[in-house]
Amino acid sequence: MSRNTIPVQYYLDAAAVFHYATKEHFNLLLTGSSGRNTRTEVVLLRLSRRKYLVAIMYGKKLVYVIRRKAKGKNMDDLEMHPKIAHGLACTEGLVRFWRARTEGEMIAERFFYGCGIVPEWGIRYPDGKMLLFEFSTKSNFQFSGLMNGKLNAYRRNLEKVEEKFQVKAIVVFVLDVPRITVERYVGTLKRDVGSDASGIPSASSEGDGFPFDPFYFVDNETFLSVPIGDQLKAPIYFWMDGKEYPLR
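No experiment lies behind these values; they were computed from the predicted model shown.

Enquirer: I tried to follow the packing of helix α1 (residues 8–17) against helix α2 (residues 23–31) on my own but got confused; where do I start?
Expert: Helices that pack against each other are described as a pair by the angle of their axes relative to one another and the distance between those axes. Running from amino to carboxyl end, α1 crosses α2 at an angle of 115°, the nearest separation of the two axes being 11 Å. By the angle between their axes, α1 is roughly perpendicular relative to α2. Like other packed secondary-structure pairs, α1 and α2 cross with a definite hand, here right-handed. The residues of α2 that touch α1, namely those facing Tyr 10, Tyr 11, Ala 14 and Ala 15, are Phe 26, Leu 29 and Leu 30. Considering only residue class, the contact of α1 with α2 consists of seven nonpolar, no polar and no charged.

Enquirer: Teacher, can you tell me more about the packing of α2 against helix α5 (residues 81–100) here?
Expert: Where α2 meets α5, the axes come as close as 9 Å, and the angle between the chain directions of the two elements is 15°. Taken as axis vectors, α2 and α5 run roughly parallel relative to one another. The handedness of the crossing between α2 and α5 comes out as left-handed. Contact with α2, carried on its side by His 25, Leu 28, Leu 29, Leu 30 and Thr 31, involves Leu 88, Thr 91, Glu 92, Val 95, Trp 98 and Arg 99 of α5 and no other residues of that element.

Enquirer: In this structure, what is going on with helix α7 (residues 146–165)? I would like to understand it.
Expert: Working note: α-helix, 3.6 residues per turn, so residues spaced by three or four point in the same direction. For α7, with 20 residues, the first-to-last C-alpha span of 26 Å sits near the 28 Å given by 1.5 Å per residue. Its maximal kink placed at Asn 157, α7 deviates by approximately 50°. Those residues of α7 not exposed but buried are Met 147, Leu 151, Asn 152, Ala 153, Tyr 154, Arg 155, Asn 157, Leu 158, Val 161, Glu 162 and Phe 165. Looking one or two residues beyond α7, the residue adopting positive phi is Gln 166, at roughly 55°.

Enquirer: Can you help me understand the packing of aromatic side chains in this one?
Expert: What describes a pair of aromatic rings is the distance from one ring centre to the other and the angle between the planes of the rings. Tallied over the entire structure, the rule returns 17 aromatic pairs. Taking 5.9 Å as the distance between ring centres and 80° as the angle between the ring planes, the aromatic pair formed by Tyr 154 and Phe 173 counts as edge-to-face. Placement of the pair is Tyr 154 in helix α7 and Phe 173 in strand β6 (residues 168–175), with a sequence separation of 19 residues. Taken as a pair, Tyr 154 and Phe 173 share a single burial class, namely buried. Ring geometry for Tyr 154 and Phe 215: centres 6.3 Å apart, planes at 70°, overall edge-to-face. Of this pair, Tyr 154 sits in helix α7 while Phe 215 sits in strand β7 (residues 215–219), and the two are 61 residues apart along the sequence. The same class applies to Tyr 154 and to Phe 215, which are both buried.

How each quantity is defined
- Residues numbered from 1 in each chain as written.
- Predicted model: local features only at pLDDT ≥ 70, side-chain atom pairs only at ≥ 80, totals over all residues.
- Heavy atoms only, no water.
- Axes fitted to C-alpha atoms, helices over the stretch in contact; angles between N-to-C directions.
- Helix = DSSP H or I, 4+ residues; strand = E, 2+ residues; numbered from the N terminus.
- Parallel < 35°, antiparallel > 145°, perpendicular 65-115°, else oblique.
- Left-handed = near helix turned anticlockwise from the far one by under 90°.
- Contact = heavy atoms within 4.5 Å.
- Nonpolar A, V, L, I, M, F, W, Y, C, P; charged D, E, K, R; others polar.
- Expected span 1.5 Å × (residues − 1).
- Bend = angle between axes of the 7 residues up to and from the residue.
- Buried < 20%, exposed > 50% of the residue type's maximum accessible area, 1.4 Å probe, protein only.
- Phe/Tyr/Trp six-rings, centres within 6.5 Å; stacked < 30°, edge-to-face > 60°.

Rendered as structure tokens:
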């Protein structure tokens, strides 16, 4: 598809899954390049004027969000800035993973309501696999018990997601802390076969019976250093055994 003939609906579909996004996010998702694209600039301006999107000045950049996500919020309030930063990180992760395997179906977080866990987004692939994404800021990571509580929630409820979408899922946690901190944290998660430290069964077991919690962890700096298109095959993700693996 020509960069100049991308349908407007494609931008609306992307915005419905994005949290907050820059024009570069739209460009990268829809064209494979984050470079300037006149079509994107014209469409985003038009959608903002017609109130399908809300445009927010964030630092020196315009950030876009679908109107229903901005409803009832004062986007000029400085208290919104951490939420916008978090949302941009979630969108960056989505675009990077989708560009690494473009036949996937992007699923917005609202479709996970009622499952007991709500990831930032998911990508469902034709082979029956699903990738779920979680981003954690430094402050959230350091908040006592938050990460372990989230992992236990996934252990209890991941099967509900798998049943709803008819998939086998993995969860990628991108943590905005130094890599050595991520490695040490994963080291605390090592456990006996089939259970965690609290005796909670792992989310699922496959084939050869090797203990399998489908959780992978990476620091944000390393995550962002991967070339576009290589996000799934880069061996940067810590698994529960403390070793680093690719995701495909």
